[in-house]
Amino acid sequence: MPLTPSGFTASTSRRRGRGRRRAIIAAVVVVVLAAASGVGYVLKNRSDERAADHRAQAAAAAYLVAWRTLTTTGGTATRTPAGSASAAGAVPGGGSGAAASPAAAGAGAGAGASGSAAAGNRDGAGRAAVSAVTVPGSIDVAALLTAMADVRDRLLVTGATYTAGSIDRNGTTATAPYLARLDLSGLPAPLEYAGVLNLVDTGRGWKVRAEPASVHPALRPGLHLDRTASTGHRGDLLAADGQPLRDSGDLASNLVGRTDPLSGLQRVYDDRLRAQGGAVVVRDARGTTVQTLHTYPMTDGESVRTTLDLRVQQAAETALATAARPTAAMVAVDTRTGGVLALANHPPSGASRAVRGKYPPGSTFKIVTATAALMNGKSANTPLDCTQTVSVGGRTFQNSESEQFGPIPLRTAFAKSCNTAFIRLEESLPSDALEKAAALYGFDGRAPLDIASVGGSFPTPRDSVESASASIGQARIEASPLQMASVAAAVASGTWRQPFVTGQPARSNAIPPAVLPPLRDFMRAVVTEGTAASVPMPGEVHGKTGTAEYADGDPPPTHAWFVGYRGDVAFAVVVEDGGFGAETAAPVAARFLTALDGGAVAAPGSGGR
C-alpha cells in the first residue's frame, strides 16, 4: 500500500473486491429466498392435492357405508326369488317416471303391519344416507336409490360389505374402485364383484355421481339383476313319523303356511326348505336373461321334521267336530318333552285359535293358584269356607249356579271348583305368591312358537279385587289353548316346558317336587268326584274344568274349558261361548281320548255333562 503524507491509502482494487462480495451475497440471498418461495409453493400445492384426495376418498367411503345401510336394512330376504312377478321391473333410465321396483312398492310381504313399518323406517334411513353423498349423474338420485333397493330385494341380500380402493383424482373429478361382497339368502357363497364410483367436486364437497353402473358394472338403463330358480325341489315339513304335514288341512292352513307369500312354518324354515342354488343374472325389461353373472350348484331343499303327530291331530279334529258350539280349539302336548302333538281348530280354516287365541283361563287357572298355596305351606286338607258369595274390596264374587259347600278341604274345593274358597285361599297367601306361581308355568307374555303365537300373561294385580279375580282365572289374565296344554303337561311331568314344534324347548321351569303329588291328586279328583265326574273319561284322566267369563251380563257369557292329561299326552280344549266347561269342553276331551284309542266318537250333542 503506497505511503502518502497522511499515512497509508486503501487500494482501489480492494474496494472493488468488497463490493463484489456484497453483490454476491445479495444475489445468493435472492436466490435462496426465491428457492424457498418455490419450495413452499410446491409443498403447499402438494398439501392441497393430498387434502383434495382425502376429501374425495372420504366421500367414496361415506357412499359405501350409506349403500351398505340401505342394502342391509328395510328389505326382505324371505320372498321367493325366482318366477315371481318381480321379474318385470327394471333399473330406471332416469327421470321421475321410472317404474316402481319391488323395493319401491314395499317390502316384507306377509309380515305384520308393525314389522313393515319398522322395516320402512330403517329403509328410509339408508335412503337418506345415500342421498346425502350423491348428486345426479346419468340417472337421478331417486332412480339410484330404487336400483340399490331393487338389487337388495331381488337378490334377497342378507348381508353386504363394500371395500373402497385408492382413488384416482384429476382436478375436480375422481374415480374410486370398490369391491362388493353380497350374502344372498339360501346360497352357499357370496356374490362378489368389482365396480367403480365416479365422483365430482361440487364446490360444497365431493359427491358420487348417480349411475346404474355404480350399483353393478353390468347395469344399464333398462336392465336389472335377478335370481333364477333352482331346479331342485323344496323340502317338506314333516310330522314326527315322517309324513308330510300338508296331509292335514287344519295344519296346512294354520301352521304350515304358504310359500307365496311366505307364512307359518314355511316362512320360519324357508332357508332350510328352499331348494338351494340357482344363478344371478342380468335381465331386460321383458324379463329376458341377457347375461349370467354367477351360477351356484343346485340341490333339493331340506325336509324339516316336527313334533306333530298326525294320529293325535286327527283325533283332535274328530273330537272338535262334535263340539256343541261352532267355534272351538284344542292343543295336545307331549308331557315328556313339551313338544306339540296336535293343533286343531274348528272350523279348521280361518284364525288359529289353538295358538293365537287369547282367553281368560277361568277355573283352569286354579291349577296355578293351588300351586301357589302348596308352595306356601298349604296342604290338601287345609280347610276353606265355600260360601255362596264372598266380598273383597267392595265387590261381591259368587259361585256358579249359587253353589255352596260350607267348610271343605282344599282338595274338595279344587275338585268342586269353588270360587269363594279359592278367593279366601288367595287372601291367605303372600301378596306375590300367585305371580310367582304363574311365572313357573310361563305366564310372562312371551310368544311360545316361532310363528305368530300367544302364550300366557299375568299382569300384576292392581288391588285386592284384581288379586281375588286372578285367583279364579279372571281379571286381566290371558292364555291360549297352547299355554294351558303346557300347564297340564307341567303337572304330569314335573317341569313346565315352553311348547315347541321343532328342536327342543327354549326354556323350562321345575315345579317344586312337594307340590306335585297333591296337585295330581286334585286333578284326578275333578274327574272322579268333581265337576267332570258326570263325563265318562276313557282311562286314568287328570283334569280341570273352567268356565271363563269374557264380558259383562246377567248372567255373563262364558267360554268353556277343559285341560288335563292322560299318560304322556296333555291337552287343552276351549269352546267359545260354550257355557260350562263340564258340559261342553270336557265331553270334547273325552271324545278326543276315545278317538286316540281308536274308538268310535259319538255324534254331536251326545255324551255326558
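Quick word on the overall build of the protein
Helix and strand content of the protein: 17 helices and 26 strands. By the burial criterion, 49% of the 609 residues in the protein qualify as buried. Counted over contacts in the protein with a minimum sequence separation of 6, partners at least 24 positions apart contribute 68%. Roughly 26300 Å² of accessible area belongs to the protein as shown, and the carbon and sulfur atoms make up 53% of that amount.

Describing the side chain of Thr-545
Mapped onto the elements of the fold, Thr-545 is located in strand β24 (residues 542-549). A distance of 2.6 Å separates a polar atom in the side chain of Thr-545 from a polar atom in the side chain of Thr-531. Not counting the four nearest positions on each side in its chain, Thr-545 is found in contact with Ser-363, Thr-364, Val-526, Thr-531, Ala-532, Trp-561, Phe-562, Gly-581 and Ala-582.

Things to note about the sheet that holds strand β9 (residues 223-228)
Pairing in this open sheet of three strands is antiparallel, and the strands run β9-β11-β12 from one edge to the other. The outermost strands of the open sheet, each flanked by one partner alone, are β9 and β12 (289-299). Neighbouring strand axes in the sheet, compared pairwise and without regard to direction, differ in orientation by 15 degrees on average. Two strands pair when backbone bridges link them, and β9 and strand β11 (residues 276-284) are joined in this way by six bridges, in the antiparallel orientation. Opposite His-224, over in β11, you have Arg-283 as the bridge partner.

Structural notes on the pattern of salt bridges
Under the defined criterion, the tally for this structure stands at 26 salt bridges. Between Asp-271 and Arg-274 there is a salt bridge whose closest N-O contact spans 3.7 Å. Of the charged contacts in the structure, one is a salt bridge between Glu-466 and Arg-462, with a shortest N-O distance of 2.7 Å. Among the charged side chains, a network of salt bridges with common partners joins Asp-150, Arg-154, Asp-226 and Arg-283.

Overview of the state of the cysteines
Tallied over the full model, the rule gives one disulfide. For Cys-386, the disulfide goes to Cys-418, at an S-S distance of 2.0 Å. Because the sign of the S-S torsion sets the handedness, a value of about 105 degrees for the bond joining Cys-386 and Cys-418 places this disulfide among the right-handed ones. Of this pair, Cys-386 sits in strand β16 (residues 383-386) while Cys-418 is found in the loop between α11 (410-416) and α12 (419-427), placing the two residues 32 residues apart along the sequence.

Here's the deal with the sheet that holds strand β14 (residues 328-334)
Spatial strand order, β15-β14-β26-β25-β24: five strands in an open sheet with antiparallel pairing. If you trace the sheet from one side to the other, it starts and ends with β15 (340-346) and β24, each paired once. For this sheet, the mean angle separating the axes of adjacent strands, direction not counted, is 10 degrees. Across seven bridges, the pairing between β14 and strand β26 (residues 569-575) is antiparallel. Note on β26: the bridge partner recorded for Val-331 is Ala-572. Along the sheet face, helix α16 (residues 516-528) touches β24 and β25 (558-566) and points at about 75 degrees away from the line of β24.

Observations concerning the packing of aromatic side chains
Scanning all chains against the criterion turns up eleven aromatic pairs. Taken together, a centroid distance of 6.0 Å and an interplanar angle of 90 degrees make the contact between Tyr-359 and Trp-561 edge-to-face. Of the two residues, Tyr-359 is situated in the loop between α9 (353-356) and α10 (366-375) and Trp-561 in strand β25; the sequence distance between them amounts to 202 residues. Since its relative accessible area comes to 4%, Tyr-359 is described here as buried. You can call Trp-561 buried: its relative accessible area is 0%. A centroid spacing of 6.2 Å and a plane angle of 25 degrees characterise the contact between Phe-562 and Phe-571, whose relative ring orientation is stacked. The buried category is assigned to Phe-562, whose relative accessible area is 0%. Taken together, the ring pairs in this structure connect Tyr-63, Trp-67, Tyr-162, Tyr-178 and Tyr-193 into an aromatic cluster. In this structure, Lys-366 is placed above the aromatic ring of Phe-422, and the distance from its NZ or CZ to the ring centre is 5.5 Å. Positioned over the ring face of Phe-414 is Lys-544, at 5.7 Å from the centre of the ring.

Let's talk about the environment of Glu-435
Structurally, Glu-435 can be placed in helix α13 (residues 433-440). With relative accessibility at 31%, the residue Glu-435 sits in the partly exposed group. Residues Glu-435 and Thr-460, spaced 25 residues apart in sequence, show a C-alpha to C-alpha distance of 6.9 Å.

A look at unusual backbone geometry
Omega for the bond connecting Asp-260 with Pro-261 falls within 30 degrees of zero, at -5 degrees, which places this linkage in the cis form. Within the secondary structure, Pro-261 sits in the loop between α5 (249-256) and α6 (264-268). Of the consecutive residues Asp-554 and Pro-555, the connecting peptide bond is found in the cis state with omega at 0 degrees. Following the sequence through the fold, Pro-555 ends up in the loop between β24 and β25. The backbone of Ser-417 shows a phi angle near 55 degrees, a positive value even though the residue is not glycine. Among the secondary structure elements, Ser-417 is positioned in the loop between α11 and α12. Given the relative accessible area of 14%, Ser-417 is considered buried.

As for the packing of α10 against α12
Viewed as axis vectors pointing N to C, α10 and α12 meet at an angle of 40 degrees, and their least axial separation amounts to 10 Å. As far as their axial angle goes, α12 and α10 are oblique. Handedness of the crossing formed by α10 with α12: left-handed. Judged by residue contacts, Lys-366, Thr-369, Ala-370 and Ala-373 of α10 engage Asn-419, Phe-422 and Leu-425 from α12. In the contact of α10 with α12, the residues fall into four nonpolar, two polar and one charged.

Describing α5
Listed in full, the buried residues belonging to α5 are Asp-250, Leu-251, Asn-254, Leu-255 and Val-256. One side of α5 carries all its buried residues, which in axial view fall inside an arc of 155 degrees. On its buried side, α5 packs onto β10 (237-238), α6, α8 (310-320), β15 and α9. Looking one or two residues beyond α5, the residue adopting positive phi is Gly-257, at roughly 85 degrees.

Reading the values: rules and limits
Residues numbered from 1 in each chain as written. Predicted model: local features only at pLDDT ≥ 70, side-chain atom pairs only at ≥ 80, totals over all residues. Heavy atoms only, no water. Helix = DSSP H or I, 4+ residues; strand = E, 2+ residues; numbered from the N terminus. Buried < 20%, exposed > 50% of the residue type's maximum accessible area, 1.4 Å probe, protein only. Contact = heavy atoms within 4.5 Å. Areas by Shrake-Rupley, 256 points an atom, 1.4 Å probe, with all protein chains shown as cover. Polar contact = N/O pair within 3.5 Å; in protein donor to acceptor, adjacent residues only side chain to side chain. Pairing = 2+ DSSP bridges. Axes fitted to C-alpha atoms, helices over the stretch in contact; angles between N-to-C directions. Salt bridge = Lys/Arg side-chain N within 4 Å of Asp/Glu carboxyl O. Disulfide = S-S within 2.5 Å. Phe/Tyr/Trp six-rings, centres within 6.5 Å; stacked < 30°, edge-to-face > 60°. Lys NZ or Arg CZ within 6 Å of the ring centre and 35° of its normal. Parallel < 35°, antiparallel > 145°, perpendicular 65-115°, else oblique. Left-handed = near helix turned anticlockwise from the far one by under 90°. Nonpolar A, V, L, I, M, F, W, Y, C, P; charged D, E, K, R; others polar. Arc of directions from axis to C-beta.

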